[in-house]
There are 2 protein chains.
Amino acid sequence: MATIKEVAKYAGVSVATVSRALNKNGYVSEEAQKKVENAIKALEYYPNEVARSLYQKKSKMIGLLLPDISNPYFPLLMKGIEENARENGYSVIFGNVEEGSELGQDYMTLFGQQNVAGVLSAVEGTWSQKHAMPIVMLDRVLEEDDYAVYTNDIKGGILAAQAIMDREPGKVLIIAGPKSVPGSIDRLIGMLSVLNPTDVEYEIYQTQSFTIDEAEEAAQNIFRKYKKVDSVLASNDLFALAIMKEAQKRGLRIPQDIQVIGYDDIPFSRLVYPGLTTISQPAFKLGYEASDLLIRLIGKNKIDKKRIKLDPDLIIRGSLRDK
Amino acid sequence: MATIKEVAKYAGVSVATVSRALNKNGYVSEEAQKKVENAIKALEYYPNEVARSLYQKKSKMIGLLLPDISNPYFPLLMKGIEENARENGYSVIFGNVEEGSELGQDYMTLFGQQNVAGVLSAVEGTWSQKHAMPIVMLDRVLEEDDYAVYTNDIKGGILAAQAIMDREPGKVLIIAGPKSVPGSIDRLIGMLSVLNPTDVEYEIYQTQSFTIDEAEEAAQNIFRKYKKVDSVLASNDLFALAIMKEAQKRGLRIPQDIQVIGYDDIPFSRLVYPGLTTISQPAFKLGYEASDLLIRLIGKNKIDKKRIKLDPDLIIRGSLRDK
DNA sequence: TAACAATGTGTAACCGATTACACGTTTATA
DNA sequence: TATAAACGTGTAATCGGTTACACATTGTTA
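Residues numbered from 1 in each chain as written. Chains lettered and ligands numbered in written order. Predicted model: local features only at pLDDT ≥ 70, side-chain atom pairs only at ≥ 80, totals over all residues. Heavy atoms only, no water.

Under an unreviewed UniProt entry, the name given to chain A is Transcriptional regulator, LacI family, and the source organism is Alkalibacterium gilvum.

Put into structure tokens, the structure is as follows:
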């Protein structure tokens, strides 16, 4: 790899001039600019980002922490982040951090050592005043987070519950997500705000995590525990899919015997029969917007919004009865 | 963030001694070692990786290029990579690169500018002698790749075809993956090596990509084009799931009327009814091993194997008939 | 035309680590 | 006891950029 010194020598100017030509700041004569550009082309020069980052104390990298990439919601998020970051000339250092592990802090330290310009995190307890870089919380957001991008989960809960209410609910089972995830609580609040004013019978099944293993187990428990359920309001597509599978295994027809609505709109919801009706979280957009907010923060351009709330949508497929 | 200079001053020694104490090379008296350790603790010092990387011309980062993280096979791969890299003190810079786009080269240049220690890539045409760092190809591997970690797809194809042959195949439809992906070809070779010696009737449907959109479209085409199919050998779970969905939509029973086998064992294959029988690619392990190989390459410890081939497994669920 | 601003360029300091080299002290060996 | 080897430490060069500062030249304004 060529260095700036070699470029300077080849162009017959000083390194300072090369640097100024490169970054288009300071005064550079047209002639010098040309000479430098030629030299750069001739030597296939690309500036060393590490050296830059050392002086600037800030690299062109952002850190990303996600709780579980094998959950299909997160790859979409990630794709949005990566795309926006790339468009802005940033690259992404990725860390997979189990919910609740102290790995999050380790990664934050590492990010500090790497001079990352900022951090995007969907893992709780990541933030700390120790680390100076700006941080935008994603998806799983707390009241006290200054910068955050997330979905309006109350609205999502309302949409889901209304979809059920519109379609002869019968006896309803709500599968509530882990209490530790703020979004789950909002979804539940939204759902209850629709159900409570009516005289619909409902019960709540509380889950501990968002893993497939627990989803399968829960589905079995549920059919054992609740003999008669007409409608299932799941706060997560994985649980909804597991319920559908278990129902079909037991010979129940969907949606005639039992109707199901999910939450997330992971890509697979389209690939089952009947298609899973669900609440679509704009995962890609969420990631894209979050990266955008972070990069604006990094550039210290005044931020218009500190917390960006995106609206979810109802996606109707075959797992609900007709209106 | 404290610097090595501050640590040196606090400990009452020179920066050289601090550095030697830190990296445990060169001579350091016990006394000095203690003083340095105390200073480090007191000042919460963490060495700046950027400065290190500048001098060493090699950072503690590896680059990762994947063709499409929204394909659920890749997040598992990624998880394995991240875990191994972290255990070895490396972090991962991630790039999502559409198959065939020239973004791959851009990322390789970027990786060079960032002094990454090595690259893991599942995207073709990434390698080039221009970039000096070691590169390990993943999953989609060509003959000429020096370092590679991949699944024995011929064996996978054989396993899949045998599973069908053992269960009254009837008329078989093979859904072959894109010809541009070397693995698809191997899968097909494996399948045909089982089917050809028999007198089973089969046809091949050729697909162009691995996207969900194409999978859905293909499933519809297939049922329109081939009136009678008893067994489907898909080279990808997405296509298998799409076929199952379309079959069920048309009132066919699985596996009685049509049996289906997939390839990949993505997490969702468990979550449909009936469960999708499939060939399991050890995605996590693949990623883990690939990262391990790369890091050994970086350390220039002599490499025992240049190409690591992992064996796939047959995972039996409900989508095949009983033997 | 004197005074000052704008333009253009190079030298050297700086970012925060690692390490070659020089030098002094202690220990081992002949 | 002379001499080499091992030990311990500090100074300064280095990695490859950016930029403060000094200085020269040209253009503008009173």
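On we go.
## A few points about the overall build of chain A
The test is simple: We count a stretch as a helix when DSSP gives it H or I for four or more residues in a row; a strand needs E for two or more, and each element gets its number in order from the N terminus. Only the C-alpha atoms count toward the radius of gyration. The rule for a globule is 2.2 Å times the residue count to the power 0.38. The buried label goes to any residue with under 20% of its type's maximum accessible area, the exposed label to any with over 50%, and the partly exposed label to all in between, with areas taken from a 1.4 Å probe on protein chains only. Residue contacts are counted whenever heavy atoms from the two residues lie within 4.5 Å of one another. All tallies of charge rest on Lys and Arg as positive and Asp and Glu as negative; His and the ends of each chain are not included. Working definition for charges: the position is that of NZ of Lys, CZ of Arg, CG of Asp or CD of Glu.
Helix and strand counts for chain A come out as 11 helices and 12 strands. The C-alpha atoms of chain A give 25 Å as radius of gyration, which overshoots the globular expectation for 323 residues (20 Å, by more than 25%). The principal-axis extents of the C-alpha atoms in chain A amount to approximately 85 × 35 × 35 Å. Among the 323 residues that make up chain A, the fraction classed as buried is 57%. When contacts within chain A are restricted to residue pairs at least 6 apart in sequence, those whose partners lie at least 24 apart make up 72%. A gap of 5 Å separates the mean positions of the 40 positive and 43 negative side-chain charges of chain A.

## Details of the UniProt feature "domain: HTH lacI-type" (unreviewed entry) in chain A
Going by this rule: UniProt positions are given in the numbering used here, feature names are shortened, and annotations may be inferred rather than shown by experiment.
What UniProt calls "domain: HTH lacI-type" (unreviewed entry) maps, in this numbering, to residues 2-56 of chain A. Split by type, residues 2-56 of chain A is 71% helix and 0% strand. Its first and last C-alpha atoms lie 21 Å apart.

## A few points about the protein's contact with DNA strand D
Let me state the cut-off plainly: In this text, near means that some heavy atom of the residue lies within 4 Å of the molecule or strand in question. In protein, a polar contact requires one atom able to donate a hydrogen and another able to accept it; more generally it is a pair of N or O atoms within 3.5 Å, and residues adjacent in sequence count only if both atoms are side-chain atoms. In the scheme used here, Gly and all other residues not listed as nonpolar or charged are polar, with Ala, Val, Leu, Ile, Met, Phe, Trp, Tyr, Cys and Pro taken as nonpolar and Asp, Glu, Lys and Arg as charged.
Every one of the 26 residues lining DNA strand D counts as a neighbour, but Ile4, Ser19 and Arg52 of chain A together with Ser14 and Ser29 of chain B are closest to it. Counting only the atoms of DNA strand D that lie within 4 Å of the protein, the sugar and phosphate share comes to 69%. In the environment of DNA strand D, a phosphate oxygen lies 2.6 Å from a nitrogen or oxygen atom belonging to the side chain of serine 19 of chain A. In this structure, a phosphate oxygen belonging to DNA strand D sits 2.9 Å away from a side-chain N or O atom of tyrosine 27 of chain B. Taken together, the elements giving at least two residues each to the surface near DNA strand D come down to helix H2 (15-23) and helix H4 (49-56) of chain A together with helix H2 (15-23) and helix H4 (49-56) of chain B. Top element by residues in the surface near DNA strand D is H4 of chain A. It accounts for 4 residues. Residue classes in the surface near DNA strand D are distributed as 14 nonpolar, 9 polar and 3 charged.

## Points about the pattern of salt bridges
We count it as follows: A pairing counts as a salt bridge when a side-chain nitrogen of Lys or Arg comes within 4 Å of a carboxyl oxygen of Asp or Glu.
Summed over all chains, the structure comprises 30 salt bridges over all chains. In this structure, the salt-bridge partner of aspartate 139 of chain B is arginine 140 of chain B, at a minimum N-O distance of 3.7 Å. The shortest N-O distance in the salt bridge between lysine 155 of chain B and aspartate 311 of chain B comes to 3.1 Å. Taken together, the residues lysine 155 of chain B in helix H7 (residues 153-165) and aspartate 311 of chain B in the loop between strand E11 (307-310) and strand E12 (313-315) connect sequence positions 156 residues apart. Taking the relative accessible area as the measure of exposure, aspartate 311 of chain B reaches 41% and is therefore partly exposed. Among the charged side chains, a network of salt bridges with common partners joins Asp213 and Glu216 of chain A together with Arg270 of chain B.

## A closer look at the packing of H7 of chain B against helix H8 (residues 182-195) of chain B
Residue and element names in this part refer to chain B. Heads up, the rule is: In this description, a line fitted to the C-alpha atoms serves as the axis of each element, helices being fitted only across the stretch in contact, and the angle between N-to-C directions of two axes falls anywhere from 0 to 180 degrees. Here is the rule for angles: anything less than 35 degrees is roughly parallel, anything more than 145 is roughly antiparallel, 65 through 115 is roughly perpendicular, and the remaining ranges are oblique. Left-handed describes a crossing in which the near helix is turned anticlockwise from the far one by less than a right angle; the clockwise case is right-handed.
Across the interface, H7 lies against H8 with an axial gap of 7 Å and an inter-helix angle of 40 degrees. The orientation of H7 relative to H8 falls into the category oblique. The crossing of H7 and H8 is right-handed. Contacts between H7 and H8 involve Asp153, Ile154, Gly157, Ile158, Ala161, Gln162 and Met165 from the former and Gly183, Asp186, Arg187, Ile189, Gly190, Met191, Ser193, Val194 and Leu195 from the latter. Of the residues in the contact of H7 with H8, the class split is 8 nonpolar, 5 polar and 3 charged.

## Topic: the sheet that holds strand E9 (residues 259-264) of chain A
All names here are of chain A. Operational definition: A pair of strands counts as paired when DSSP detects no fewer than two bridges linking them.
Sheet architecture is open: 6 strands sit in the order E7-E6-E8-E9-E10-E12, paired in mixed fashion. Either end of the sheet is taken by a strand with one partner, and the two such strands are strand E7 (202-206) and strand E12 (313-315). Between one strand and the next, the sheet's axes are offset by a mean angle of 20 degrees, whatever the strand orientation. In the sheet, strand E6 (residues 172-176) pairs with strand E8 (residues 231-234) via 4 bridges, with the strands oriented parallel. The partner of valine 172 across the bridge, within E8, is serine 231. Here helix H8 (residues 182-195) sits on the sheet and contacts E6, E7, E8 and E9; the angle it forms with E6, its principal contact strand, is near 160 degrees.

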